[in-house]
Amino acid sequence: MTAGWRRGTLSSPRHSNRRPAIFVAAVVVLGVVIGEVAADVVDSGRAAGRVAAETYVAELIPVIDESTSLANTLHFVRSAGTLNRTSLERALGELVTGTSENQAELMSLGVPAPTAYSGHLIETALDARAQGARDLAGAVALAIGATSGTQTHASAATLAVKAGKELIAGDADYVDFIRSLPNYSRRGRLPTSRWILDPPSWADSSAMNWVTRLSATPNLQAHEDLVIVAVTLQPPVVRINGLPTTTTAAPTTTTSSTTTTSTTTPSTTLPGATTSSTTTSTTTSTSTTTTTTTMQLPPLSSTSVLPPTQRVSVVLVVANSGNVAVSDIWAAASVVPEATTSTNGKGSAAVERSTAIRIGRLAPGASMVITLPSLKVMTGRQYNLWAAIGTGNVPQGPVTQPPAGVGQLDEVRIKVASG
């Protein structure tokens, strides 16, 4: 029975080959799918990289165009022997400001360079141009500054040579930058950008010759000049005695209006001054005279008569007629009683008074209207009124002599009518 039970009628189990075959097929299919997906991912990454590189090049083109255009300004500066000082300083300002703006534009592209190395090269190229522009401005400042001499000229030439080396290096970095870009970036669209066309012209001897020419050009020399354009008084003059003019039958009322513009620029003589402000002031005065002629600066032989008053204010129109900015400017006014003035035994004698204020700075060609604090006067008295502008320390007393250095002094004889 035992044997019969062992043999029985049940069939012995068999191992099926279907499951391994299905598993192998699934693995093969999965491998194919993964391979295709990976290939698609790689192709997609390459396409995205290509688009990013092309976008970077397209965004960079305007920046390079602007940088290249500044080369014309550079050559303009190097031909400075035919310029005046104002034009030269303006060109240097454009050069320094423009190269700094190029650097900022590059940083704000918003698209990364295709490779870190290419990004480094273009940054280095634009940095070299910005530094070269600043060094060139410094060289010009030394060459045409108020202080001259062999040592100063040598320092200017050294800075000019340094600027040339930086600009030549910037040109080379830009060429290397284009070569570093991948072909798929369409780098051929980038324009050629070369600032230095004649490298030997930036060598030691050429730079010294250029500095010498700058320092010897009259139009480029610093010329400081402050002038008093007009002097008016408040209250206005009612008449002027002692003028050789034709009188009229009746008093004539004359209204004069003066409008001036005061422009303030940055404190640096050379670039880069970045911002400026303009203020327009208008003064109007009405006077009644017995003559057909009015003068804001009458000669000393005449006397300007004021109405009865105990205070008088001096209004000046001053201007910078030089070719460089002038700083630390002051304006002053003084009334000094004439020696013949007496009290006639009544009251106190007239005494001298003075006032002065700091104006600050005037750019070349700029003008300004200044109303000085009022001065105390006495009715019936006659004074010499002095108006002055100068630089340096603000005067602490009456200014009756021409100021040292740049400036001007004017004198007007006045009489305050009796009340």
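Remember, predicted model here, so these are calculated numbers, not experimental data. (Residues numbered from 1 in each chain as written. Predicted model: local features only at pLDDT ≥ 70, side-chain atom pairs only at ≥ 80, totals over all residues. Heavy atoms only, no water.)

A.B. asks: Would you mind going over the nonpolar core with me for this structure?
C.D. replies: Proteins that are soluble and globular tend to have nonpolar side chains buried together. Grouped together as the largest cluster of nonpolar side chains are 35 residues, with contacts concentrated most on L233, V314, L316, V318 and I414. Mapped onto this core, the elements with two or more residues apiece are β1 (226-234), β6 (311-320), β7 (326-337), β8 (353-362), β9 (367-371), β11 (382-391) and β12 (407-416). By residue number, the principal contributor to this core is β7, which donates five residues. In terms of nonpolar packing, the next biggest core, distinct from the first, is built from 31 residues, L74, L92, I144 and W210 among them. (Core = buried A, V, L, I, M, F, W, Y, C linked by side-chain atoms within 4.5 Å. Buried < 20%, exposed > 50% of the residue type's maximum accessible area, 1.4 Å probe, protein only. Helix = DSSP H or I, 4+ residues; strand = E, 2+ residues; numbered from the N terminus.)

A.B. asks: Help me understand the sheet that holds β7 in this model?
C.D. replies: Hydrogen bonds between backbone groups are what pair the strands of a sheet, and the pairing can be parallel or antiparallel. Overall, mixed pairing links the six strands, which are arranged β2-β5-β12-β11-β7-β8 in an open sheet. Bordering the open sheet on either side are β2 (239-241) and β8, each of which pairs with just one other strand. Shown here is a sheet whose adjacent strand axes are inclined to one another by a mean of 30°, direction ignored. Here β7 pairs with β8 via eight bridges, running antiparallel. From the neighbouring strand, V335 faces β8, where its bridge partner is R353. (Pairing = 2+ DSSP bridges. Axes fitted to C-alpha atoms, helices over the stretch in contact; angles between N-to-C directions.)

A.B. asks: Explain the packing of helix α3 (residues 85-107) against helix α4 (residues 116-144) to me, please; I cannot follow it from the model alone.
C.D. replies: Each pair of packed helices can be described by the angle between their axes along with the distance between the axes. Where α3 meets α4, the axes come as close as 9 Å, and the angle between the chain directions of the two elements is 160°. In terms of their interaxial angle, α3 and α4 are classed as roughly antiparallel. Crossing hand, α3 versus α4: left-handed. Contacts between α3 and α4 involve R85, L88, L92, L95, V96, T99, S100, N102, Q103, L106 and M107 from the first element and I122, E123, L126, D127, R129, A130, A133, R134, L136, A137, V140 and I144 from the second. When its residues are assigned to classes, the contact of α3 with α4 shows 14 nonpolar, four polar and five charged. (Parallel < 35°, antiparallel > 145°, perpendicular 65-115°, else oblique. Left-handed = near helix turned anticlockwise from the far one by under 90°. Contact = heavy atoms within 4.5 Å. Nonpolar A, V, L, I, M, F, W, Y, C, P; charged D, E, K, R; others polar.)

A.B. asks: Can you walk me through the confidence of the model for the protein in this structure?
C.D. replies: Low pLDDT means the predicted coordinates in that region are not meant to be read closely. In the predicted model, the protein carries a mean pLDDT of 79, and the fraction of residues at 70 or more is 72%. Residue range residues 1-8 is modelled with pLDDT below 50. Its contacts to residues more than four positions away, or to other chains, number zero contacts. Between residues 246-296, whose pLDDT stays under 50, and residues either more than four places distant or in other chains, the model counts 102 contacts. (pLDDT = per-residue confidence, 0-100.)

A.B. asks: Explain the pattern of salt bridges here, please?
C.D. replies: Once the charged atoms of two side chains with opposite charge are near each other, the side chains can pair. All told, the structure shown has six salt bridges when counted by the stated rule. Of the charged contacts in the structure, one is a salt bridge between R129 and D171, with a shortest N-O distance of 3.0 Å. Pair noted here: R129 is in helix α4 and D171 is in helix α5 (residues 150-180), with a separation of 42 residues, a long-range link. The class for R129 is buried, based on a relative accessible area of 2%. Taking relative accessible area as the criterion, D171 reaches 8% and is therefore assigned buried. (Salt bridge = Lys/Arg side-chain N within 4 Å of Asp/Glu carboxyl O.)

A.B. asks: What am I meant to see in the environment of P307 here?
C.D. replies: Its location among the elements puts P307 in the loop between β5 (303-306) and β6. The class of P307 is partly exposed, set by a relative accessible area of 22%. Considered as a pair, P307 and G419 are 112 residues apart in the sequence and their alpha carbons are 8.1 Å apart.

A.B. asks: When you look at the side chain of R78 in this model, what are you seeing that I'm missing?
C.D. replies: Position of R78 among the secondary structure elements: in helix α2 (residues 18-78). Not counting the four nearest positions on each side in its chain, R78 is found in contact with S201, W202, W210 and R213.

A.B. asks: Sorry, what's going on with the pairing of β6 here?
C.D. replies: Consecutive residues of a regular strand have side chains that alternate between opposite faces of the sheet. Within β6, nine of the 10 residues are buried, which leaves it mostly tucked inside the rest of the structure. The pairing of β6 with strand β10 (residues 375-376) spans two bridges and is classified as antiparallel. Looking at β10, one finds that R311 is bridged to K376. Bridging between β6 and β9 involves five bridges; their strand directions are antiparallel. Paired with V318 across the strands is M368, a residue of β9.

A.B. asks: Please explain the packing of aromatic side chains as it appears in this structure.
C.D. replies: The description of an aromatic ring pair rests on the distance of the ring centres and on the angle between the ring planes. With the rule as written, the count across this model stands at one aromatic pair. Ring geometry for Y174 and F177: centres 6.1 Å apart, planes at 35°, overall tilted. Highlighted residues: Y174 and F177, both in helix α5, separated by three residues, approximately one helical turn. The buried category is assigned to F177, whose relative accessible area is 0%. Sitting over the face of the ring of Y184, R50 holds its NZ or CZ atom 5.9 Å from the ring centroid. In this structure, R78 packs its charged tip against the face of W210, placed 4.8 Å from the ring centre. (Phe/Tyr/Trp six-rings, centres within 6.5 Å; stacked < 30°, edge-to-face > 60°. Lys NZ or Arg CZ within 6 Å of the ring centre and 35° of its normal.)

A.B. asks: Is there a simple way to explain the packing of α4 against helix α6 (residues 204-215) in this structure?
C.D. replies: For the pair α4 and α6, interaxial distance at closest approach is 8 Å and the crossing angle is 50°. Considered as vectors, α4 and α6 are oriented oblique to each other. In terms of crossing hand, the pair formed by α4 and α6 is right-handed. Together, L136, V140, A143 and I144 of α4 and W210, V211, L214 and S215 of α6 make up the contact between the two elements. Classifying every residue of the contact of α4 with α6 by side-chain character gives seven nonpolar, one polar and no charged.

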